[in-house]
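Survey of secondary and tertiary structure
Below are the chains, spelled out letter by letter.
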Amino acid sequence: MPSFGTVEDLPPEQRLLVRLDLNAPVEEGVVKDNRRFSRHAETVERLLDDGHALALLAHQGRPGRDTFVSLGQHAEILADHLDREVEFVADTFGEEALEAIDDLAGGEVLLLENVRMCDEELPEKTPEEHAESEFVRTLAPEFDAYVNDAYSAAHRAHASIVGFPLVMDAYAGPVMETEYTANSAIREREFDRVTMVLGGTKAEDLIPVIERLEGVDRFCLGGIVGELFLRAAGHDVGYDVESDLFDDQWDENREEIKETLETHGDRLVLASDLAYEDDAGERAEVAVDGVEKETSFLDVGSDTVATYADHVSESDAVFVKGALGVFEDERFSDGTVGVLRAIADTDCFSVVGGGDTSRAIPMYDLPEDAFSHVSIAGGAYVAALTGEELVAIEVLERDG
Ligand SMILES: Nc1ncnc2c1ncn2[C@@H]1O[C@H](COP(=O)(O)OP(=O)(O)OP(=O)(O)O)[C@@H](O)[C@H]1O
Ligand SMILES: O=C(O)[C@H](O)COP(=O)(O)O
């Protein structure tokens, strides 16, 4: 049982600093709604109903990436879910932020600017070091307590996650509590035949999963991560063509990817074909042996989908983290949706994780109740599966 305090333990009408995870897809500067907004809106609603005054902290993207944008649009999306006003303050802990916090009354909510625009947020430091930052020391005295609901960022030792609990009363929000409980419980279960589908964009988060999860019989790979493994296996894919998601990750992780392929190759299933957009704007497919380096691939091909679906149907537990292709574009949704449909068609135990990936379920009208658990977390969910201590939980437990 977790030994942290929850919002149930809060006295009413407090001034609360609340960390959410509203990190969402951004397409051409437009922020897309995902499941994180609706889940966190429930938290906000509940806290407002108890008469608390709320200042929300959240992040979006990382400096240098296209997805690194202001949270102005996030405030609007959240307000739509809540059906009430969410004031946006384009500042994190400067004068403008402090004035707005000062004016905040019980039952009101404001969202501060992207915490990653603050230089002190991102460096991975100890909680003690983060607690000493000007960011934490300035905001903490403005509030009665801190609530962390950002389970999906619970594996990041960033200032807004680990700094505040050391200097304030700190509590877990409802999303943090339920996701933590559900994901930790999965690790205790035993299954005969386990398949894990790994895709998406973050190789660094997934390599340790392959190394540590010895109980998984098959890892079916796709997305950017799958292409990097194909590159390590000697195929002409996994290079920057239209996006810059490949080469830097390759440079940073190539040794680990090659070593993982060598050591765990017998448990890895790589795509045998890939899909791309042809000159007519249609989906086209090619076997990996025939690919050209200049092609930008956007999904796994239909032979691969069939192979992965077979692995799913032979399994009694399936875990998904990351998309097999750019499913947001229907032409390149076959991999992700094909695997999710195969899961929905069996009665295996299944968990689908990832802030973006979990969006495919409502987007393609897949029956949500066909999945045992749908997690809005990606990296934190796989960290929990591998038994890695989540830093956010560790600091909440110190306070609890
Ligand atoms: N070949 C590809 N090219 C570009 N993007 C891809 C490709 N394959 C998958 N993706 C993208 O991967 C994204 C999902 O992966 P991501 O690593 O962001 O995981 P996630 O599910 O959001 O988990 P997390 O919560 O850790 O971010 C999707 O939005 C999808 O468009
Ligand atoms: O989307 C996520 O997985 C979390 O918000 C963490 O974001 P990060 O991977 O950019 O740290």
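Residues numbered from 1 in each chain as written. Chains lettered and ligands numbered in written order. Predicted model: local features only at pLDDT ≥ 70, side-chain atom pairs only at ≥ 80, totals over all residues. Heavy atoms only, no water.

**Thoughts on the overall build of the protein chain**
Let me state the cut-off plainly: Comment: elements are numbered from the N terminus, with helices defined as DSSP H or I runs of at least four residues and strands as E runs of at least two. Note on method: radius of gyration uses C-alpha positions; expected globular size equals 2.2 Å times residues raised to 0.38. In this scheme, a residue with accessible area under 20% of its type's maximum is buried, one over 50% is exposed, and one in between is partly exposed, where area comes from a 1.4 Å probe on protein chains only. Any two residues whose heavy atoms approach within 4.5 Å are treated as being in contact. Working definition of accessibility: Shrake-Rupley area with a 1.4 Å probe, residue cover restricted to the visible protein chains.
Scanning the protein chain for helices and strands turns up 15 helices and 17 strands. The C-alpha atoms of the protein chain give a radius of gyration of 21 Å, which matches the 21 Å a tight globule of 400 residues would have. Dimensions of the protein chain along its principal axes, counting C-alpha atoms only, are 65 × 45 × 40 Å. Taken across its 400 residues, the protein chain has 56% of its residues classed as buried. Contacts in the protein chain between residues far apart in sequence, at least 24 positions, make up 72% of those at least 6 positions apart. As displayed, the protein chain offers around 16,700 Å² of accessible surface, 41% of which is attributable to carbon and sulfur atoms.

**Digging into helix H7 (residues 174–188)**
Note the following rule: Here the expected length of a helix is defined as 1.5 Å per residue gap, with one fewer gap than residues.
In a regular helix each residue adds 1.5 Å, so 15 residues correspond to 21 Å; H7 covers 22 Å between its end C-alpha atoms and thus fits that length. Within the span of H7, buried status applies to Pro174, Val175, Met176, Glu179, Asn183, Ser184 and Ile186.

**A short note on the sheet that holds strand E5 (residues 87–89)**
Across a sheet, strands are paired by hydrogen bonds formed along the backbone, either parallel or antiparallel in direction. For clarity, the cut-off: At least two bridges found by DSSP between two strands is the condition for calling them paired. All axes are obtained by fitting lines to C-alpha atoms, using only the stretch in contact for helices, and the reported angles, taken between N-to-C directions, cover 0 to 180 degrees.
On the basis of which strands lie adjacent, the open sheet formed by 6 strands has the order E5-E6-E4-E1-E7-E8 and parallel pairing. Each having just a single partner strand, E5 and strand E8 (169–172) make up the two edges of the open sheet. Adjacent strand axes in the sheet meet at a mean angle of 25 degrees when their direction is disregarded. Taken together, the 5 bridges between strand E1 (residues 15–19) and strand E4 (residues 53–57) define a ladder with parallel strand orientation. Directly across from arginine 15, in E4, lies its bridge partner alanine 53. Lying on the sheet, helix H1 (residues 35–49) is in contact with E1, E4 and strand E6 (109–112); it crosses E4 at an angle near 155 degrees.

**A short note on the UniProt feature "binding site: ATP" (unreviewed entry) in the protein chain**
Filter applied, for reference: UniProt positions are given in the numbering used here, feature names are shortened, and annotations may be inferred rather than shown by experiment.
As recorded in UniProt, the sites labelled "binding site: ATP" (unreviewed entry) are Glu328, Gly354, Gly355, Asp356 and Thr357. What stands out for the annotated residues spanning 30 residues is how close their C-alpha atoms remain, the widest pair being 14.0 Å apart. We classify glutamate 328 as partly exposed; its relative accessible area is 30%. The residues touching glutamate 328, leaving out its near neighbours within four places in the chain, are Glu27, Arg359, Met363 and Tyr364. Relative to the helices and strands, glycine 355 resides in the loop between strand E16 (349–353) and helix H13 (360–363). Residue glycine 355 is classed as buried on the basis of its relative accessible area, which comes to 7%. Setting aside chain neighbours within four positions, we find glycine 355 in contact with Asn34, Arg36, Ile376, Ala377 and Gly378.

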